[in-house]
Amino acid sequence: MSDARAEAGPSPTQVASDRIQFRRALTLTFMTLVMPGSAQLVMGNRRVGRIALRVWLGVIVAVVLVALLALTSRSGVFALFTNPRLLFIGRWFLILGAIAWVVLLLDAWRLGRPLKLRRGHRLWMTGVNAALCFGTAGVMFFAAHLVSVQNGLIGTVFASEASSDPTDGRYNVLLLGTDSGDGRDGMRPDSLQVASIDRDTGRTVLVGLPRNLQDVPFPEDSVMREEFPDGFDCDGCYLNAVNTWANDNAELFDEDEPGIEATMGAVEEITGLQLNYYALVNMEGFSTLIDAVGGVDVNVRERTAMDGIGAPISGYIEAGEQRLDGTQALWFARSRVENDDFTRMGRQKCLMSAMLEQLDPKTVLMNVQKIADSGKALLTTDVPASDLNVFMDLALKARAQKISSVSLTPPVIYTGNPDYPKVRRLVAEAVQKAEGKAPKPYGLERASLSQVKQVDPTAPAKDPNEANQSSDVAAAC
């Protein structure tokens, strides 16, 4: 009789009981996944369960509060996620939370009494629990890594503590592109642009400054004004040489960065804009950044030479829609072989506009480590971490706005003999137009503005210099 029962297998009652035990074990595991501590509260150590559940509910409340804050103040959310102290705490919270969650999942597996399950059920139960442990811990450890990378980048690049308020509702940031190397006299910012950004709308005006502007003026109370009362009129003294001259004569200044301070003073006198911050971009690091995000799509208006500056031309970037890698993007922004400085300035604006449009949050998230590594080599700035939230919010606003442009290039401005009062009027009008205000009449100077090209958004521009003088840089590119 006993042999017959053995051959018949488990009874229906036993099968039903096994299924109930298996479902209970799975339920305890998924309860822990959805609400950590709930399994312990039901069947295990209730004290541990209560602590875990309270922590979990606290996390939910925090997430809800952040979501509500996002609906009312996007910059407030950015402030939370760029605060070094909160990032440090958040990183360790994620690490400890990952460990605690795995321990709770393993305890839920124990509470399911796996040794009393049938062999097939036990294998399923163990596999599911292991997958959830690895998945949960992996996601949280990766999140902790992202937080650590971001905190390291902020601490390295945005280490300044001095904050600057907007002037007349606008942030004015000097963007410098440096191109130092063998045989070059110091670190020369061959690309100089001012981004004037409306604090409320993000509407941006790019003011392009030719590197070879002569007789550059300086503020009245500056060391440079004492040395050059009639402007920067020494032999070979162009705008891009101000940085080198000041650094070579650092003993005259009471500044940590005399070259940057002198250049900022000169740009303020040229444009009439009060600068809040500067951002200095190393062109070689810029190439690494482009590679880090997988390239950038650009409409190349004319065939552009690569190399050719102190070396033979190594190739060309052909005209048309192109996806540029880091090296190609570097030469697209840098090359002035077979064209001129002014064409290069237009290409730089097009490249900046393309990056602003294409660098979405998903791209940044998926390449955060590469971007952070390139960013440390790429960027030097005095923007403090406390203002990062403001500029992150402005960057998102700017993506939805047209970028206007004014460049101090011939025939509007002749770099060898610049009319600086006219320059300041041109810049002021561009800002007024970007803000939707009627430009102020400037008498005969208004005639010069007829040379500023206006772009028909329905027809692509044919002139490579179109982006230098446009109310819509993206359309001109």
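Caption draft 1: Representation of the overall build of the protein chain. Counting its regular elements, the protein chain contains 18 helices and 10 strands. Out of the 477 residues in the protein chain, the part that is buried amounts to 46%. In the protein chain, of all internal contacts separated by at least 6 residues, the share reaching a separation of at least 24 is 67%. Accessible surface, the protein chain as shown: approximately 24,300 Å² in total, 57% of it carbon and sulfur.

Caption draft 2: Highlighting the layout of surface pockets. Taken as a whole, the second largest pocket spans an internal volume of roughly 300 Å³. For the second largest pocket, the lining is made up of 16 residues, of which Asp-168, Arg-170, Leu-273, Ala-428 and Val-431 are closest to its centre. Looking at the lining of the second largest pocket, the elements with two or more residues in it are β1 (170-178) and α17 (420-434). In the lining of the second largest pocket, the residues fall into four nonpolar, seven polar and five charged.

Caption draft 3: Spatial organisation of helix α6 (residues 84-111). The end-to-end C-alpha distance of α6 is 40 Å, a good match for the 40 Å that 28 residues give at a rise of 1.5 Å each. When α6 is considered as a whole, its buried residues turn out to be Leu-87, Leu-94, Ile-95, Ala-98, Trp-101, Val-102, Leu-104, Leu-105, Asp-107, Ala-108 and Leu-111. Of the surrounding secondary structure, the elements contacted by the buried residues of α6 are α2 (12-34), α3 (38-43), α4 (46-72), α5 (74-81) and α7 (119-157). Regarding α6, its N-cap is Asn-83, as a side-chain oxygen of that residue lies 3.0 Å from the backbone nitrogen of Arg-85 further along. Two residues or fewer after α6 comes Arg-113, characterised by a positive phi angle close to 50°.

Caption draft 4: Spatial organisation of a positive patch on the surface. Taken together, the side chains of Arg-46, Arg-47, Arg-50 and Arg-54 make up a positively charged region of the molecular surface. Inspection of the secondary structure puts Arg-46 in helix α4.

Caption draft 5: Representation of the packing of aromatic side chains in the model. In total, this model carries seven aromatic pairs according to the counting rule given. Residues Trp-56 and Trp-101 carry aromatic rings whose centres are separated by 5.4 Å and whose planes lie at 55° to one another, so their mutual orientation is tilted. Of the two residues, Trp-56 sits in helix α4 while Trp-101 sits in helix α6, which places them 45 residues apart along the sequence. Taking relative accessible area as the criterion, Trp-56 reaches 21% and is therefore assigned partly exposed.

Caption draft 6: Region of interest: the pattern of salt bridges. With the rule as written, the count across this model stands at eight salt bridges. Two residues, Arg-74 and Asp-393, come together in a salt bridge whose shortest N-O distance is 2.5 Å. In this pair, Arg-74 sits in helix α5 while Asp-393 sits in helix α16 (residues 388-399), placing the two residues 319 residues apart along the sequence. For the salt bridge of Asp-200 with Arg-199, the shortest nitrogen-to-oxygen distance reads 3.7 Å. Taking relative accessible area as the criterion, Arg-199 reaches 39% and is therefore assigned partly exposed. Three or more residues joined by partner-sharing salt bridges are found here, namely Arg-74, Asp-393 and Lys-397.

Caption draft 7: Local environment of the environment of Gln-150. Structurally, Gln-150 can be placed in helix α7. Taking the C-alpha atoms as reference points, Gln-150 and Phe-81, 69 residues apart in sequence, are found 9.0 Å from one another. Ignoring anything within four residues of it in the chain, the contact list for Gln-150 reads Phe-81, Thr-82 and Leu-87.

Caption draft 8: Focus on the nonpolar core. Core analysis: the largest hydrophobic core is formed by 40 residues, its most contacted members being Leu-209, Val-216, Met-224, Phe-232, Leu-239 and Ile-270. Within the residue set of this core, elements represented by two or more residues are β1, β2 (189-198), β3 (204-209), α9 (242-248), α10 (258-271), β4 (277-282) and α17. In this view, Leu-239 contacts Leu-192, Leu-209, Pro-210, Arg-211, Leu-213, Val-216, Ala-266 and Ile-270; residues no more than four positions away in its chain are not counted.

Parameters and conventions
- Residues numbered from 1 in each chain as written.
- Predicted model: local features only at pLDDT ≥ 70, side-chain atom pairs only at ≥ 80, totals over all residues.
- Heavy atoms only, no water.
- Helix = DSSP H or I, 4+ residues; strand = E, 2+ residues; numbered from the N terminus.
- Buried < 20%, exposed > 50% of the residue type's maximum accessible area, 1.4 Å probe, protein only.
- Contact = heavy atoms within 4.5 Å.
- Areas by Shrake-Rupley, 256 points an atom, 1.4 Å probe, with all protein chains shown as cover.
- 1 Å grid on protein atoms, 1.4 Å probe; cavity = no way out; pocket = protein on both sides within 12 Å on 5 of 7 lines; lining within 4 Å.
- Points joined across faces, edges and corners; volume = space filled by probe spheres on them.
- Nonpolar A, V, L, I, M, F, W, Y, C, P; charged D, E, K, R; others polar.
- Expected span 1.5 Å × (residues − 1).
- Polar contact = N/O pair within 3.5 Å; in protein donor to acceptor, adjacent residues only side chain to side chain.
- Patch = residues over 30% accessible without salt bridge, like charges linked within 9 Å, V, L, I, M, F, W, Y side chains within 5 Å.
- Salt bridge = Lys/Arg side-chain N within 4 Å of Asp/Glu carboxyl O.
- Lys, Arg positive; Asp, Glu negative; His and termini not counted.
- Charge placed at Lys NZ, Arg CZ, Asp CG, Glu CD.
- Phe/Tyr/Trp six-rings, centres within 6.5 Å; stacked < 30°, edge-to-face > 60°.
- Core = buried A, V, L, I, M, F, W, Y, C linked by side-chain atoms within 4.5 Å.

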